[in-house]
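As a plain string of letters, each chain reads:
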Amino acid sequence: MKDKITKISLWLMVAMFLLAYPKLFGMYYVNLFVTFMVFAVFSLSFNMLLGFTGLLSFGHAIFFGISGYGTALALRHIEGIPLFPAIGLGVLAAVILAVVLCPVVVRVTGTAFAMVHLAFGQLMYVLALKLRNITGGEDGIGNFPIPNVSLFGLFSFPLKNNPVNFYYFALVILGICTWLMWFFTKTPFGQIQVGIRDNTKRIDYLGFKVPESKSVIYVTSAFFAGVAGSIYGLFHNLVSADGSLNVLVSFTAITATLIGGIGSFFGPIWGTAIFQILEELTIRFTEQVELVTGIIMIIVIMYAPRGFTGFLATLKLKWQLSRAKRRG
Amino acid sequence: MYILETKDLNHDFSGLKVLFGVNLQVKHGERHAIIGPNGAGKTTLFNCITGTYKPSSGKVLFKGMDITGRTPHELTRMGIGRSFQITTIFMNLTVFQNVRLAVLSKRGIRFNLFRFVDKMKDITEETEEILRRVNLIEERDFPASALSYGKTRALEVALAFATDPELVLLDEFTAGMSRDETHAAVELVRKLTEGKTAVLIEHDMDVVFSLADRITVLHYGRIIASGTPEEVRSNQDVKDAYLGDLEV
Amino acid sequence: MDATTAMYVSQAIHGIAYGMILFLIASGLNIIFGMMGVLNLAHASFFMLSGYFCYQVLKLTGNFWLALLIAPLVTAIFGIVVERVFLRRMHAFGHLGELMLTVGISLVILAGVKFFWGTESLPIPVPEALQGLIKIFGLEYPIYRLFVIGLSLVVLLLMVLVLYKTRLGMIVRAAVSDRDMVNALGINIPLVFMVVFGIGCWLAGIAGVAIAPILTVFPGLADQVGMDAFIVVVTGGIGSLGGAFIVAIIFGFLSSFGIQFVSQLAPVLMVGFMALVLIIRPHGLFGVEE
Ligand SMILES: Nc1ncnc2c1ncn2[C@@H]1O[C@H](COP(=O)(O)OP(=O)(O)OP(=O)(O)O)[C@@H](O)[C@H]1O
Ligand SMILES: [Mg+2]
């Protein structure tokens, strides 16, 4: 009971902080936080595959990117399309891509899974650059119209050139996504997912269909990556190959997840925050994103493989042990 | 009528022949032991029956139905359970979560994305009931990797039974156990197989003779004898080939 | 012979030359994978790095042949150092962790290359002796491409000799077919690892120098050619040399004829081919289950 009250008040405090955030900090930090939320959700969707199913993808940006392009194209070419259908179309593109890839993806595991995604990712990137008349080539699709947020005419507020409104909009959408992904891990199917990571053979022998289950996870993961990508495109009012489809976008999710710890649901959120802070700090000294990302990956894998949440868990364990010792 | 039958089952691994025309017959409700020296092809036979491998030729019949080449999950859903010689459990999940997965499968809950699994009372109760039966309730919240060897094997066996199969195949469930552990495991299997049909691969002759209603002897991929323990014990071929070595 | 045939033949030569380069990189990847069980994603970066070393040697001496000798050797030494310092110490999360580690290394190399040599693409002149065209059966071929094919064949022959005629080769073959066995044999593994890793990087280095005059050297080289080599390895079956050879040649053709006929969509061909193969054979053409 007492636990529950502490928990609820803690969450209330977090919620209040998030609501007040734009009032407390300047525009720069509001935008930074939106980026954080987008990549946190993207990394969570990535960790659905790596941490919860044991599948490492080097090309998760394909879903992030295609959804961004989908939304941007819809807004540019479909006259008067409202906001949510446009996002929906982008996410639909990501889901369709995932469904198309399923036959390959459910058959390969381990190294091959990673490499296949690297290849798909590179292919999408090259196509986005080459199919200029659709994607705008290197410039991408920019400055497309962004309709107001409105729900059944109940309310309506503008997003374009309004970072504070965008902050709240992103907070709600990405908050819901985070909750849904968390809920996913708590359902019976979420258990099967963890089982696949742990021992695929036994899952098969318990009577679950492994390929079908993997497909569901894969498509779900693509869905959430898609939402993140679509919001990201809206946020910048620009979707480009380098911003949304580059292999570095995929590596961002990997790095953030590693930093946070792949073993925990909330790991990628911590990881994204830490990664962003590190980037903010290092960007003053070097423009080389690759260098920063690369060094972080090397250090984390070699010296802190369980990441930040692993570190927290170790601390907690030590604290409990010392307390137990003091009690005798 | 046999619950499980193989007809002229052959299997080879890219040229290496391991099974030669095996005709296994398992009766309804019996405990049937398969014995034979190391490398005789016992595990391969199980693998061909339960869908790990598709046999090179021959047929597998379950309750008269041809199940050759079916996948493991199909066979589990038809009522066949299996434990492995090499422990195959979810090492990073708790004992409870291990068994709960089996219970979920048995209830046909596979793509449920709409409920908290922890709040499904009936599932929790049934899982705990099984844990009590297999004496793992004390270890309910241990990660499987933290169990003692004997308990690990008990969990392996529990997973084979937790989907409530009609037919279970147990591959050396006592392998590597101490005397006490073996004794406990034998009693457990005796209890769990009540009202079911079981096929046991087993090296320990004490275990075989205390559990088995019938025995099949596999020798270099061929069945050389099959019958009641007495028949097998007095079979000259078996004595020559196998039991003689073990001084039974 | 008419113009169309000539075009086909010359495209075929391009295809074979590119296929052989891909195979040099892929075979290095495969023997390292066979020994250590890790697909070294930094391999493509070693390949690129060798191109830059070649540029540097040329700048200092102006001698291509010297560059062909030195650059791959330096690359091999560099690779060995990386293996010693990073890969060998790494055991967390098994192969996925190693894979991510090699990605980190390749990113750092990329950053280093940009730092030392800039982001421009650096031209490497074709050595004088190999410039121009040669006429065989009334058809003209670029000499340098033929040289690349010849060089690759020589290296290939060398590799076959080492693999089948030396003790080291025997160990490597044993390791590629069954990694545990080598551990069981009690051979000095760290030393063998080092040598094999060095040879793998040397092969990538040769490819890097060979391709430099054709494509120039630029920071995207690792991504562009390396990606093709990785696709070759995955499609041929990770760890399979024969598979890599066949697929590399197929990809060489896909690439040269693809650019001719469907230039925009040429990259789709390779990835599509890979996807098709993996749907039918999840472990690649000649791969076995991990
Ligand atoms: N996947 C495989 N590939 C190649 N050969 C195999 C494979 N599995 C088993 N074998 C071979 O088949 C033969 C039979 O093996 P199997 O595991 O069925 O024997 P077993 O009777 O279960 O022995 P044990 O009592 O040691 O468990 C052995 O010679 C073994 O080496
Ligand atoms: Mg066996």
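This text goes with the structure placed above it.
As a starting point, this report considers the structure included with it. (Residues numbered from 1 in each chain as written. Chains lettered and ligands numbered in written order. Predicted model: local features only at pLDDT ≥ 70, side-chain atom pairs only at ≥ 80, totals over all residues. Heavy atoms only, no water.)

Let's talk about unusual backbone geometry
- Unlike most non-glycine residues, Asn 161 of chain A shows phi in positive territory, near 55°.
- Within the secondary structure layout, Asn 161 of chain A lies in the loop between strand E3 (156–157) and helix H7 (163–186).
- Phi is positive for Asn 135 of chain B, close to 55°, though the residue is something other than glycine.
- Tracing the sequence through the fold places Asn 135 of chain B in the loop between helix H4 (121–133) and helix H5 (149–162).
- Taking the relative accessible area as the measure of exposure, Asn 135 of chain B reaches 48% and is therefore partly exposed. (Helix = DSSP H or I, 4+ residues; strand = E, 2+ residues; numbered from the N terminus. Buried < 20%, exposed > 50% of the residue type's maximum accessible area, 1.4 Å probe, protein only.)

Thoughts on the nonpolar core
- Ranked by size, the top nonpolar core spans 255 residues in total, and within it Leu 56, Phe 58, Phe 63, Phe 169 and Ile 231 of chain A carry the most contacts.
- When residues of this core are assigned to domains, at least three map to each of domain 1 (27–219) and domain 2 (220–290) of chain C.
- Not counting chain neighbours up to four residues away, the residues in contact with Leu 56 of chain A comprise Phe 46, Leu 50, Phe 113, Ala 114 and Ile 254 of chain A together with Leu 96, Leu 99 and Met 100 of chain C.
- Counting 24 residues, the second-largest nonpolar core is a separate cluster that includes Val 60, Ile 67, Leu 167 and Leu 218 of chain B. (Core = buried A, V, L, I, M, F, W, Y, C linked by side-chain atoms within 4.5 Å. Domains from an automatic or database assignment. Contact = heavy atoms within 4.5 Å.)

A word on the sheet that holds strand E10 (residues 214–219) of chain B
Residue and element names in this part refer to chain B.
- With mixed pairing, the 6 strands of this open sheet are ordered in space as E7-E8-E9-E4-E10-E11. Each edge of the open sheet is held by one strand with a lone partner, namely strand E7 (80–83) and strand E11 (222–227). In this sheet, neighbouring strand axes are inclined to one another by 15° on average, regardless of whether the strands run parallel or antiparallel.
- When strand E8 (residues 167–171) meets strand E9 (residues 197–201), the two strands line up parallel, connected through 5 bridges. Bridging across to E9, Leu 170 finds its partner in Leu 200. (Pairing = 2+ DSSP bridges. Axes fitted to C-alpha atoms, helices over the stretch in contact; angles between N-to-C directions.)

A short note on the packing of aromatic side chains
- Inspection of the entire model under this criterion finds 45 aromatic pairs over all chains.
- Centroid distance Phe 25 of chain A to Tyr 29 of chain A: 6.4 Å. Interplanar angle 55°. Geometry classified as tilted.
- Exposure remark for Tyr 29 of chain A: the relative accessible area of 41% places this residue in the partly exposed category.
- On the numbers, 5.3 Å between centres and 85° between planes, the contact of Phe 13 of chain B with Tyr 53 of chain B is edge-to-face. Of this pair, Phe 13 of chain B sits in strand E1 (residues 2–13) while Tyr 53 of chain B sits in the loop between helix H1 (42–49) and strand E5 (57–62); the two residues are 40 residues apart in sequence, bridging distant segments of the chain.
- On the basis of relative accessible area, Phe 13 of chain B is assigned to the partly exposed category, the value being 29%.
- A relative accessible area of 30% places Tyr 53 of chain B in the partly exposed class.
- Here the aromatic residues Phe 17, Tyr 21, Phe 25, Tyr 28, Tyr 29, Phe 33, Phe 36, Tyr 167 and Tyr 168 of chain A are joined through ring pairs into a cluster of three or more.
- A cation over an aromatic ring shows up here: Arg 140 of chain B above the ring of Phe 96 of chain B, its NZ or CZ 3.9 Å from the ring centre. (Phe/Tyr/Trp six-rings, centres within 6.5 Å; stacked < 30°, edge-to-face > 60°. Lys NZ or Arg CZ within 6 Å of the ring centre and 35° of its normal.)

A short note on the site of ligand 1
All names here are of chain B.
- Taken together, 14 residues lie near ligand 1, and Asn 38, Lys 42, Thr 43, Thr 44 and Gln 85 sit nearest.
- One of the backbone N or O atoms of Lys 42 is found 2.8 Å from an oxygen atom in ligand 1.
- A distance of 2.5 Å separates an oxygen atom of ligand 1 from a polar side-chain atom of Thr 44.
- Where the shell around ligand 1 is concerned, the elements lending two or more residues are strand E2 (16–22) and H1.
- Among the elements that take part in the shell around ligand 1, H1 stands out by supplying 3 residues, more than any other.
- Of the residues belonging to the shell around ligand 1, the class tally is 5 nonpolar, 7 polar and 2 charged. (Near = heavy atom within 4 Å. Polar contact = N/O pair within 3.5 Å; in protein donor to acceptor, adjacent residues only side chain to side chain. Nonpolar A, V, L, I, M, F, W, Y, C, P; charged D, E, K, R; others polar.)

Thoughts on the coordination of the magnesium ion (ligand 2)
- Taken together, Thr 43 of chain B (OG1) and Gln 85 of chain B (OE1) make up the protein donors of the magnesium ion (ligand 2), found 1.9 to 2.2 Å from the metal. Here the residue Thr 43 of chain B occupies a position in helix H1, and Gln 85 of chain B occupies one in the loop between E7 and helix H3 (95–106), the gap between them amounting to 42 residues. (Donors = N, O, S within 2.8 Å, 3.2 Å for Na, K, Ca; no water.)

Considering the packing of H5 of chain B against helix H6 (residues 179–192) of chain B
Residue and element names in this part refer to chain B.
- At their nearest, the axes of H5 and H6 sit 10 Å apart, and the two run at 15° to each other. With respect to H6, the element H5 is oriented roughly parallel. For H5 against H6, the interelement crossing comes out right-handed. Taking contact as the criterion, the partners of Tyr 149, Gly 150, Ala 154, Val 157 and Phe 161 in H5 are, on H6, Glu 181, Leu 188, Val 189 and Leu 192. (Parallel < 35°, antiparallel > 145°, perpendicular 65-115°, else oblique. Left-handed = near helix turned anticlockwise from the far one by under 90°.)

Brief notes about the interface of chain B and chain A
- Taken together, the contact pairs 36 residues of chain B with 25 residues of chain A.
- For the pair chain B and chain A, the two sides together bury roughly 2,800 Å², of which 65% comes from carbon and sulfur.
- When the area that chain B buries against chain A is broken down by residue, the three leading residues are Phe 90, Phe 111 and Leu 113 of chain B, summing to 22%.
- In this assembly, chain B and chain A are joined by 1 salt bridge.
- In this structure, Arg 202 of chain A engages Glu 156 of chain B in a salt bridge whose closest nitrogen and oxygen atoms are separated by 2.8 Å.
- In this structure, the connection of chain B to chain A is made through 15 residue pairs in polar contact (both at pLDDT 80 or more).
- Of all the secondary structure elements, the ones that give two or more residues to the side of chain B that touches chain A are helix H2 (72–78), E7, H3 and H5 of chain B. (Buried area = accessible area lost by both parts, 1.4 Å probe. Salt bridge = Lys/Arg side-chain N within 4 Å of Asp/Glu carboxyl O.)

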